[in-house]
Amino acid sequence: MGRKDVAHKDVAHKGTAIVTGAGTGIGKASALALATDGWNVVFTGRRAELLEKAVSEAGGGALAHACDVTKPDEVDALFEAAVDKFGRVDLLFNNAGTGLLGTLIDDIAPEDWDRVVAVNLTGAFLCARAAFRQMRKQSPQGGRIINNGSISAHVPRPGSVAYTSTKHAITGMTRSLALDGRPFDIACGQIDIGNALTEMAAPMTRGVPQADGSVAIEATMDVSNVASSVVHMASLPLDANVLFMTVMATNMPYVGRG
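Rules behind the numbers
Residues numbered from 1 in each chain as written. Predicted model: local features only at pLDDT ≥ 70, side-chain atom pairs only at ≥ 80, totals over all residues. Heavy atoms only, no water. Salt bridge = Lys/Arg side-chain N within 4 Å of Asp/Glu carboxyl O. Helix = DSSP H or I, 4+ residues; strand = E, 2+ residues; numbered from the N terminus. Buried < 20%, exposed > 50% of the residue type's maximum accessible area, 1.4 Å probe, protein only. Expected span 1.5 Å × (residues − 1). Contact = heavy atoms within 4.5 Å. Core = buried A, V, L, I, M, F, W, Y, C linked by side-chain atoms within 4.5 Å. 1 Å grid on protein atoms, 1.4 Å probe; cavity = no way out; pocket = protein on both sides within 12 Å on 5 of 7 lines; lining within 4 Å. Points joined across faces, edges and corners; volume = space filled by probe spheres on them. Nonpolar A, V, L, I, M, F, W, Y, C, P; charged D, E, K, R; others polar.

Asks: Mind showing me how you'd approach the pattern of salt bridges here?
Replies: Proximity of charged atoms lets side chains of opposite charge pair with each other. Under the defined criterion, the tally for this structure stands at six salt bridges. With its nearest N and O atoms 3.1 Å apart, the salt bridge here joins Lys28 to Glu57. Of the two residues, Lys28 is situated in helix α1 (residues 25–36) and Glu57 in helix α2 (residues 48–58); the sequence distance between them amounts to 29 residues. The exposure class of Glu57 is partly exposed, given its relative accessible area of 42%. Several salt bridges converge on common partners, so that one network encompasses Lys28, Lys53 and Glu57.

Asks: So what exactly am I meant to see when it comes to helix α5 (residues 161–180) here?
Replies: One turn of an α-helix holds 3.6 residues; hence residues three or four places apart share an orientation. Here α5 contains 20 residues, and its C-alpha end-to-end distance of 29 Å stays within 8% of the 28 Å for a straight helix at 1.5 Å per residue. When α5 is considered as a whole, its buried residues turn out to be Ala162, Tyr163, Thr164, Thr166, Lys167, Ile170, Thr171, Met173, Thr174, Leu177 and Ala178. Where the residues of α5 are buried, they touch α4 (110–137), β5 (143–148), β6 (186–194) and β9 (244–248).

Asks: Got a minute to help me understand the nonpolar core in this structure?
Replies: Soluble globular proteins: nonpolar side chains tend toward being buried together. Leu34, Val41, Phe43, Ile146, Ile191, Ile193 and Val226 are the most contacted members of the largest nonpolar core, which totals 39 residues. When residues of this core are traced back to their parent elements, those giving at least two are β1 (16–20), α1, β2 (40–45), α2, β4 (91–94), β6, α6 (224–235) and β9. Excluding its chain neighbours within four sequence positions, the residues that come into contact with Ile193 are Ile26, Asn148, Ser150, Ile151, Met221, Val226 and Val247. Listed in part, the 27 residues of the second largest apolar core include Ala82, Ile170, Ile186 and Cys188.

Asks: What should I look at first to understand the layout of surface pockets in this one?
Replies: Approximately 1,400 Å³ is the volume found for the largest pocket. Lining of the largest pocket is provided by 48 residues; of these, Gly97, Thr98, Gly99, Tyr163 and Met200 occupy positions nearest its centre. Mapped onto the lining of the largest pocket, the elements with two or more residues apiece are α1, α2, α4, α5, β6 and β7 (208–209). In terms of residues, the lining of the largest pocket owes the most to one element, α1, which gives three residues. Class assignment of the residues belonging to the lining of the largest pocket gives a composition of 22 nonpolar, 18 polar and eight charged.

This is how it looks when you write it as structure tokens:
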């Protein structure tokens, strides 16, 4: 169980999860895995048609709700919809993200920097803020927040200053929420993912720039390995927490990347 015994009578489920960026890639795979594991899941992202398609694969106990995580009013409406439908929120997977890979800092327009920060950092803040507020006031109290940190929360790729800066900031957010959540049974952890084969990671199979200036194909792993890792983190009781987990393609250049 990913929480204390808070299931409504006559309803056998593990809790209610909100997954951002759930229309594609890691978010979709993780949301579907949580649904299979017995969670009620709110799939959220900007594109309603992709969310509806994903929910159709999840079966019962799933809800599609379009939301731009950079907009506070839309994030608040997302959490209200989840509570209206399922009664509470037990898990947030803060997964939505974007980047500007392969761009040197002097080629980054301020508006592009602002866009990456708005999605990756401000969006994660707004969703964590809404989750923390709901988890603190609901009865029984508590829940879990999982942030998608990325390998870039540890080490950068060439030309990734915007993305890497936001992911380092996510690590600070994770540690702060893990501390501030203690009195309220709110656990917070971070999953750092390397080369899960999604549409975003497809260039790895064709060759990407390396620290030595070369271009090389990198090893990848199936995205299902990320989804099962998220389910594991979510399944723990609230008196246990995976603070940081790194799940990566075994042979990708991370240790010794630079």
